[in-house]
Amino acid sequence: MRICIDGLGASMLKNTGLGVYTYEFLNKLFEMYPQPKYDLIWEGTKAEEIIEKNKGCSFINLNINRKANDYSNIGKYIVNNKVNIYHSLNNGFSIPKNKTCNYISTVHDLLPLVNAEYVDPKYLNKFKSVFTNAVENSDKIIAVSEVIKEQLRSYFDIPEKKIQVIYPGYSDMFTPQNHEISADILKSKYNIENDYILYVGSIHVRKNLDKLFRAFKEISKNVNNIKLVVIGSCDGKRKDYFLKLMNLIEELNLKDSVVFLGVVDYKDMPYFYSEAKCVVNLSKYEGFPLTSLEAMACGTPVVCNNQAIFKEVFGSTTSRSEEHTSEL
């Protein structure tokens, strides 16, 4: 059995949701099924941690023109190397147009279809054309939640048996951490000393950060010296929204209370979660709330929006922390 997997997330998009998903997926896959021959489409330096789990996997750079949505080199590689299964982990974007073997697509979200105002026109057009090809050519579609499965079936004529829900898993490193060690690391590396509320995720309009800041303003009136720590990339397409948030922070007089850290070392996240008073996710749209799950694994309370995906994943209560919902 020869399996080819698009490793874009782990090789080029580290510290993003897709990057974490891809990294954890590959490690667990190699651990559970070490027998097949694995070819990883890789566009960066080799990942030693992944090699340790499967020393026989190959890292292949096919010089794919992703901007032009040209994945013909993948199709050629599949044929020339007699690949049995090809798996595209990024919403099926890299599924070739020509059918050359069994295809699997993992679908994380359908944001451009559910709410087009949250994406730019260029990405919307790309999504409609490339994702439609993935749906048509995939022999199996993995949905990261029942919510995504239902959205897939509402927008496309897909037989139910073709879609399987497989929830993402979090790393074993997400457990409650020692307070003294965590506090020392946060102080020395990130200059975080005060009590804080934590947000982890992209700086995107759908994440409701403006409402989070306004809510935090009310909290700060009653809790002295508390901070709001924001972890997530602020550059690229996120920059316009980030600048609007900075203006809002000035308006609310929160300049000294909101701390933007950008992208931090993934291995430090258990310390951030463990020391936070709570982790907040008020997103209007989520395919799967992985950061919220990581926080709860560290024993930290999660405050989240009243959306179907949070109810699906967390239910009404958990053994470690209580989930609160709000209409936003």
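Anything mentioned here points back to the structure above.
Residues numbered from 1 in each chain as written. Predicted model: local features only at pLDDT ≥ 70, side-chain atom pairs only at ≥ 80, totals over all residues. Heavy atoms only, no water.

Novice: For this particular structure, what's the right way to read the overall build of the protein?
Specialist: The helix and strand inventory of the protein stands at 13 helices and 13 strands. Seen through its C-alpha atoms, the protein measures out along the principal axes to roughly 65 × 40 × 35 Å. Classification of the 328 residues of the protein by burial places 51% in the buried group. Sequence separation of 24 or more characterises 61% of the internal contacts of the protein that already satisfy a separation of 6 or more. Of the roughly 16200 Å² of accessible surface on the protein, a fraction of 49% belongs to carbon and sulfur atoms. (Helix = DSSP H or I, 4+ residues; strand = E, 2+ residues; numbered from the N terminus. Buried < 20%, exposed > 50% of the residue type's maximum accessible area, 1.4 Å probe, protein only. Contact = heavy atoms within 4.5 Å. Areas by Shrake-Rupley, 256 points an atom, 1.4 Å probe, with all protein chains shown as cover.)

Novice: I'm lost on the sheet that holds strand β6 (residues 140-143) in this one. Help?
Specialist: Sheets are built from strands paired through backbone hydrogen bonds, the pairs being either parallel or antiparallel. Reading across from one edge, β3-β2-β1-β4-β5-β6-β7 is the order of the 7 strands in this open sheet, with parallel pairing throughout. The sheet terminates laterally at β3 (58-60) and β7 (163-165), the two strands that pair on one side only. Going across the sheet, the axis of each strand differs from the next one's by a mean of 20°, ignoring polarity. Summarising the sheet, strand β4 (residues 85-88) and strand β5 (residues 102-107) pair through 4 bridges and their orientation is parallel. Note on β5: the bridge partner recorded for I85 is N102. (Pairing = 2+ DSSP bridges. Axes fitted to C-alpha atoms, helices over the stretch in contact; angles between N-to-C directions.)

Novice: Which parts of the structure should I look at to understand helix α8 (residues 179-190)?
Specialist: An α-helical segment advances 3.6 residues per turn. Residues three or four places apart therefore align on the same side. Look at α8: 16 Å from first C-alpha to last across 12 residues, which is about the 16 Å you get at 1.5 Å a residue. Within the span of α8, buried status applies to S182, I185, L186 and Y190. Buried residues of α8, seen end-on, are gathered within an arc of 95° and therefore sit on one face of the element. Away from its buried face by more than 90 degrees, α8 exposes E180, D184 and S188. Between the side-chain oxygen at the start of α8 and the backbone nitrogen of E180 there is a gap of 3.0 Å, and the oxygen is on N178. Phi turns positive one or two residues past the end of α8, at N191, with a value near 60°. (Expected span 1.5 Å × (residues − 1). Arc of directions from axis to C-beta. Polar contact = N/O pair within 3.5 Å; in protein donor to acceptor, adjacent residues only side chain to side chain.)

Novice: Please clarify how the nonpolar core should be interpreted in this entry.
Specialist: Among the nonpolar cores identified, the biggest contains 81 residues, and L152 and L198 are the most heavily contacted of them. For L198, the residues in contact, after removing those within four places along its chain, are V229, I231, F272, Y273, A276, C278, V279 and V280. Among the nonpolar cores identified, the runner-up in size contains 22 residues, and Y199, L212, L245 and L248 belong to it. (Core = buried A, V, L, I, M, F, W, Y, C linked by side-chain atoms within 4.5 Å.)

Novice: Where do I start with the packing of aromatic side chains in this structure?
Specialist: Centre-to-centre distance and the angle between the planes together describe a pair of aromatic rings. Tallied over the entire structure, the rule returns 15 aromatic pairs. A network of ring pairs unites the aromatic residues F93, Y123, F127, F131 and F156 as a single cluster. (Phe/Tyr/Trp six-rings, centres within 6.5 Å; stacked < 30°, edge-to-face > 60°.)

Novice: When you look at helix α4 (residues 72-80) in this model, what are you seeing that I'm missing?
Specialist: Listed as buried for α4 are I74, G75, Y77 and I78. Down the axis of α4, the buried set is contained in an arc of 165°. They therefore lie on one face. Opposite the packed face of α4, turned more than 90 degrees from it, sit the exposed residues K76, V79 and N80. Of the surrounding elements, those touching the buried residues of α4 are β1 (2-6), β2 (37-41), β3, β4 and β5.

Novice: It is not clear to me how unusual backbone geometry should be interpreted in this structure. Could you clarify?
Specialist: In most cases, non-glycine residues show a negative phi, while peptide bonds are predominantly trans. Non-glycine residue N91 carries a positive phi angle of around 55°. Position of N91 relative to the elements: it lies in the loop between β4 and β5. Backbone geometry at N191 places phi at a positive 60°, although glycine is not the residue there. Its location among the elements puts N191 in the loop between α8 and β8 (196-200).

Novice: What is the right way to read the pairing of β1 from this model?
Specialist: Two faces make up the sheet, and in a regular strand the side chains alternate between them. The element β1 is largely enclosed, with a buried count of 4 among its 5 residues. Where β1 meets β2, 5 bridges bridge the pair, whose relative direction is parallel. Bridging from a neighbouring strand, I5 pairs with L40 of β2. When β1 meets β4, the two strands line up parallel, connected through 3 bridges. Bridging across to β4, I5 finds its partner in H87.

Novice: I would appreciate a short explanation of the pattern of salt bridges in the present structure.
Specialist: Note on pairing: side chains with opposite charge can pair once their charged atoms come close. With the rule as written, the count across this model stands at 13 salt bridges. Between K207 and E286 there is a salt bridge; the shortest N-O distance is 2.3 Å. Placement of K207 in the loop between β8 and α9 (209-222) and of E286 in the loop between β11 (278-281) and α12 (290-297) is noted, with a sequence separation of 79 residues between them. You'll find K207 and E286 in the same group, each marked buried. One network of salt bridges, in which partners are shared, links D6, E43 and R66. (Salt bridge = Lys/Arg side-chain N within 4 Å of Asp/Glu carboxyl O.)

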